[in-house]
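# Structural description and commentary
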Amino acid sequence: QVQLVESGGGSVQAGDSLRLSCVASGRSFATYTMGWFRQAPGKEREFVAGIAWTGGSTYYGDSVKGRFTISRDNAKNTVYLQMNSLKPEDTAVYYCAADRFATRVSGRRSDYDYWGQGTQVTVSS
């Protein structure tokens, strides 16, 4: 079993930046594809970004391309989401997720096996 713990959320103004972190338990982190999703009130959970276990391949949702950057540090069992130029529509609970059997970086929620509890990001105008 893998446990994922997110941190770094908060309340910011439009145009500000935040960096989310997700720390994973277990020794297999380095073999997992990792992803970030988000869910706003009354909306479906949405793919934000994903990164392959090597860190060499990344994939982004259209709404965050050019503003968000996903990265990972396998020595620290941690994946990051750097969020720049934040907009009010980025307001959501952000979830970290792990895909144990990935052959590619997926944007599908059903492909991810483990999930964190989420961290709230609120962007005001």
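For clarity, every value in this text was computed on a predicted model and none was experimentally measured. (Residues numbered from 1 in each chain as written. Predicted model: local features only at pLDDT ≥ 70, side-chain atom pairs only at ≥ 80, totals over all residues. Heavy atoms only, no water.)

## Notes on the state of the cysteines
Across all of its chains, the model carries one disulfide by this definition. For cysteine 22, the disulfide goes to cysteine 96, at an S-S distance of 2.1 Å. Judged by the torsion about the S-S bond (-75°), the cysteine 22/cysteine 96 disulfide is left-handed. Here cysteine 22, found in strand β3 (residues 18-24), pairs with cysteine 96, found in strand β9 (residues 92-99); they are 74 residues apart in sequence, far enough to count as distant. Taken as a pair, cysteine 22 and cysteine 96 share a single burial class, namely buried. (Disulfide = S-S within 2.5 Å. Helix = DSSP H or I, 4+ residues; strand = E, 2+ residues; numbered from the N terminus. Buried < 20%, exposed > 50% of the residue type's maximum accessible area, 1.4 Å probe, protein only.)

## Considerations on the environment of arginine 45
Along the chain, arginine 45 falls in the loop between β4 (33-39) and β5 (46-51). For the pair formed by arginine 45 and arginine 108, sequence separation is 63 residues and the distance between their alpha carbons is 10 Å. Other than its neighbours up to four places away in sequence, arginine 45 contacts Phe37, Arg38, Gln39, Tyr95, Arg109 and Trp115. A distance of 3.3 Å separates polar atoms of two side chains, one belonging to arginine 45 and the other to glutamine 39. (Contact = heavy atoms within 4.5 Å. Polar contact = N/O pair within 3.5 Å; in protein donor to acceptor, adjacent residues only side chain to side chain.)

## Side note on the nonpolar core
Core analysis: the largest hydrophobic core is formed by 30 residues, its most contacted members being Leu4, Met34, Trp36, Val79, Leu81, Met83 and Tyr94. Of all the secondary-structure elements, those providing two or more residues to this core are β3, β4, β5, β7 (68-73), β8 (78-83), β9 and β11 (119-124). Setting aside residues no more than four positions away along its own chain, leucine 81 makes contact with Leu18, Arg19, Leu20, Trp36, Val48, Ala49, Phe68, Thr69, Ile70 and Tyr94. Counting residues in each nonpolar core, the second largest holds six residues, with Phe37, Phe47, Ala97 and Tyr112 among its members. (Core = buried A, V, L, I, M, F, W, Y, C linked by side-chain atoms within 4.5 Å.)

## Notes on the pairing of β5
Of all six residues making up β5, five are buried, and the element is well covered by its neighbours. Bridging between β4 and β5 involves five bridges; their strand directions are antiparallel. Residue pairing across strands places methionine 34 opposite isoleucine 51, the latter belonging to β5. One ladder, built from three bridges, connects β5 with strand β6 (residues 58-60); its direction is antiparallel. For glycine 50, the partnering residue across the bridge sits in β6 and is tyrosine 59. The hairpin formed by β5 and β6 contains six residues between the paired strands, and glycine 55 there has a positive phi angle of roughly 80°. (Pairing = 2+ DSSP bridges.)

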